[in-house]
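Below, each chain spelled out in residue letters.
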Amino acid sequence: MTAVPVSMTDVRELVDGALRAAVGRLDPRTYRVAAYHLGWTDEEGHPRKAPAGKALRPALALLSARAAVAPPESALPGAVAVELTHAFSLLHDDIMDGDRTRRHRPAAWTVFGEASAILTGDALLALAGEVLLEAPGQGSARAARALSTATRRLIAGQSLDMDFESRRQVGVDECVAMASDKTAALLACSCSIGAVLDDAPRPLTEALEAFGTDLGIAFQLADDLLGIWGDPATTGKPAMSDLRSRKMSLPVVAALNSGTPEGAKLAALYARPGPREQEPAESELAEAAALVEAAGGRAWAELEAESRVQRAAEHLLAARMPDSARTEFLRIADFVTRRDH
Ligand SMILES: C=C(C)CCOP(=O)(O)OP(=O)(O)O
């Protein structure tokens, strides 16, 4: 999979070495699972070429150093730490959601078992904290605290998302608040961590965080849209997995709250026996997707994503930073809503 387009440097090249050095500290069993999950090795532990994931969070972390007029290398511990935290969350989420495919490959838990995947996620999270606390410079403890808070919010968001699955009524606002915790908190941290490591002034780090929060919500909206209408060949995830597991994703919640007859029909579909008891038929999935669209859930999510990107851009325009950093951030924001994977 290609990394996010950042013209400044090859993000992967810069981050990969530091990421490998950090993960290399793990015990051999945990390392094996982590290396597989990160795309470095195959199921047998043999090296493979294509790295996994878009490396969006490390790209943002490196850019945030540029916003603070600090060298990209100074943000490396931040870039590594946010990617490790992201990797931890994916390892655990796939188990909780029962998702068997991740980044075009069998999810780690299906290869190594749930216990190994859980432990590896735990280890990566611990490593993230270690890497930040070891970072040279003034902002190290401040960055570690910021990442810790973002992780707590990510966990709270995931917990609320799980809770939604057993609820009949979920409001649009609380669903957006859930996404703000589950996804946007880590993205906001990624957008500011390079500046925080440089101990940059609060107005700058706060503007970067505000940018990342709106960007993160737009990112989740785009992800939810791809989860229904994306091509599994490009997303690397099974088609309509969110509808299959009757997830309260943002377009679905918007449709359910639309007050339209199609929204009511969708509610009736969602109220049937859940995925754990009974797999919905393919025709039912197509019907659910059509109902989300007819009830306006798709259009709402597309518009909301655009408006979040707009708001994100406004936070950047109000902050003092080199133009080149602003331009790159805006390019990434544009990529987030137009991506197909
Ligand atoms: C927060 C969400 C929606 C999980 C997927 O994140 P990414 O789409 O950034 O995952 P990778 O590129 O790292 O696979």
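Residues numbered from 1 in each chain as written. Predicted model: local features only at pLDDT ≥ 70, side-chain atom pairs only at ≥ 80, totals over all residues. Heavy atoms only, no water.

Student: Hey, could you go over the overall build of the protein chain for me, with residue numbers and the actual values?
Tutor: When you go through the protein chain residue by residue, the secondary structure sums to 16 helices and two strands. A compact globule built from 341 residues should have a C-alpha radius of gyration of about 20 Å, and the protein chain, at 20 Å, falls within 12% of that. Principal-axis analysis of the C-alpha atoms gives the protein chain an extent of 55 × 50 × 30 Å. When contacts within the protein chain are restricted to residue pairs at least 6 apart in sequence, long-range pairs at least 24 apart make up 75% of them. Summed over all atoms, the accessible surface of the protein chain reaches about 14,400 Å², with 53% contributed by carbon and sulfur. Between the averaged position of the 37 positive side-chain charges in the protein chain and that of its 47 negative side-chain charges there is a distance of 1 Å. (Helix = DSSP H or I, 4+ residues; strand = E, 2+ residues; numbered from the N terminus. Rg over C-alpha atoms; globule rule 2.2 N^0.38 Å. Contact = heavy atoms within 4.5 Å. Areas by Shrake-Rupley, 256 points an atom, 1.4 Å probe, with all protein chains shown as cover. Lys, Arg positive; Asp, Glu negative; His and termini not counted. Charge placed at Lys NZ, Arg CZ, Asp CG, Glu CD.)

Student: Describe the side chain of Asp214, listing the residues and the values that go with them.
Tutor: Looking at the secondary structure, you find Asp214 in helix 9 (residues 202-229). Note on Asp214: relative accessible area 4%, which makes it buried. At 3.0 Å, the side chain of Asp214 and the side chain of His315 are in polar contact. With residues near it in sequence (within four places) discarded, Asp214 still touches Arg308, Arg311, Ala312 and His315. (Buried < 20%, exposed > 50% of the residue type's maximum accessible area, 1.4 Å probe, protein only. Polar contact = N/O pair within 3.5 Å; in protein donor to acceptor, adjacent residues only side chain to side chain.)

Student: Outline empty space enclosed by the protein, supporting the account with residue identities and numerical values.
Tutor: Inspection of every chain in the model, using the stated rule, returns four cavities of 30 Å³ or more. The volume enclosed by the largest cavity comes to roughly 920 Å³. Looking at the largest cavity, it is lined by 48 residues, and the ones nearest its centre are Leu90, Arg102, Gln220, Asp223 and Lys237. Per-element accounting of the lining of the largest cavity gives the leading share, seven residues, to helix 4 (residues 76-97). Taken together, the residues that form the lining of the largest cavity break down as 17 nonpolar, 13 polar and 18 charged. By volume, the second largest cavity is sized at about 120 Å³. (1 Å grid on protein atoms, 1.4 Å probe; cavity = no way out; pocket = protein on both sides within 12 Å on 5 of 7 lines; lining within 4 Å. Points joined across faces, edges and corners; volume = space filled by probe spheres on them. Nonpolar A, V, L, I, M, F, W, Y, C, P; charged D, E, K, R; others polar.)

Student: How would you explain the nonpolar core if you had to name every residue and give the values?
Tutor: Most often, soluble globular proteins keep nonpolar side chains buried together rather than apart. Of all hydrophobic cores here, the largest spans 78 residues; its most connected members are Val23, Leu84, Leu124, Met321 and Phe329. Aside from chain neighbours lying at most four places away, what touches Leu124 is Val23, Leu26, Ala34, Leu84, Ala87, Phe88 and Leu91. By size, the runner-up hydrophobic cluster in this structure holds 28 residues, among which are Ile217, Ile228, Ala255 and Tyr270. (Core = buried A, V, L, I, M, F, W, Y, C linked by side-chain atoms within 4.5 Å.)

Student: Any details on helix 15 (residues 297-317)? Residues and values, ideally.
Tutor: Taking 1.5 Å of rise per residue, the 21 residues of helix 15 would be expected to cover 30 Å, and the 30 Å separating its terminal C-alpha atoms lies within 8% of that figure. Buried residues of helix 15: Gly297, Ala301, Glu304, Ala305, Arg308, Val309, Ala312, Ala313 and Leu316, and no others. Residues of helix 15 that are buried in the fold lie against helix 8 (172-197), helix 9, helix 12 (250-256), helix 14 (282-294) and helix 16 (323-338). (Expected span 1.5 Å × (residues − 1).)

Student: Tell me about the pattern of salt bridges, and please be specific about residues and values.
Tutor: Enumeration over the complete set of coordinates arrives at 24 salt bridges. The partner of Lys247 in a salt bridge is Asp161, and the shortest N-O contact between them spans 3.5 Å. Placement of the pair is Lys247 in the loop between helix 11 (241-244) and helix 12 and Asp161 in helix 7 (residues 140-165), with a sequence separation of 86 residues. Residue classification places Lys247 among the buried positions, given a relative accessible area of 9%. Bridged by salt links that share partners, the residues Asp97, Asp161, Glu165, Lys182 and Lys247 form one connected network. (Salt bridge = Lys/Arg side-chain N within 4 Å of Asp/Glu carboxyl O.)

Student: So what about the site of the ligand? Which residues, and what values?
Tutor: The immediate surroundings of the ligand are formed by Gly53, Lys54, Arg57, His86, Leu90, Arg103, Thr183, Phe219, Gln220, Asp223 and Arg339. A distance of 2.5 Å separates an oxygen atom of the ligand from a polar atom in the side chain of Lys54. Arg103 has a polar side-chain atom sitting 2.8 Å from an oxygen atom of the ligand. Against a free-state accessible area of 400 Å², the protein chains account for coverage of 88% of the ligand. (Near = heavy atom within 4 Å.)

Student: So, the environment of Gly113: which residues are in play, and what are the values?
Tutor: Note on placement: Gly113 falls in the loop between helix 5 (108-112) and helix 6 (114-134). Among the residues examined, Gly113 registers a relative accessible area of 27% and is labelled partly exposed.

Student: Kindly report on the state of the cysteines, identifying the contributing residues and their values.
Tutor: All told, the structure shown has zero disulfides when counted by the stated rule. This cysteine, Cys189, is not joined by any disulfide, and Cys191 carries the nearest cysteine sulfur, 9.3 Å off. (Disulfide = S-S within 2.5 Å.)

Student: Before we move on, could you go through the packing of aromatic side chains and cite the residues and values that matter?
Tutor: Tallying each qualifying case throughout the model produces two aromatic pairs. Between the aromatic rings of Tyr36 and Phe112, the centroid separation amounts to 5.4 Å while the plane-to-plane angle is 70 degrees, which identifies the pairing as edge-to-face. One end of the pair, Tyr36, is in helix 2 (residues 28-37); the other, Phe112, is in helix 5, with 76 residues separating them in the sequence. Over the aromatic face of Tyr36 sits the side chain of Arg105, whose NZ or CZ is 4.0 Å from the ring centroid. Lying across the ring of Trp229, Arg298 places its NZ or CZ 4.4 Å from the centre. (Phe/Tyr/Trp six-rings, centres within 6.5 Å; stacked < 30°, edge-to-face > 60°. Lys NZ or Arg CZ within 6 Å of the ring centre and 35° of its normal.)

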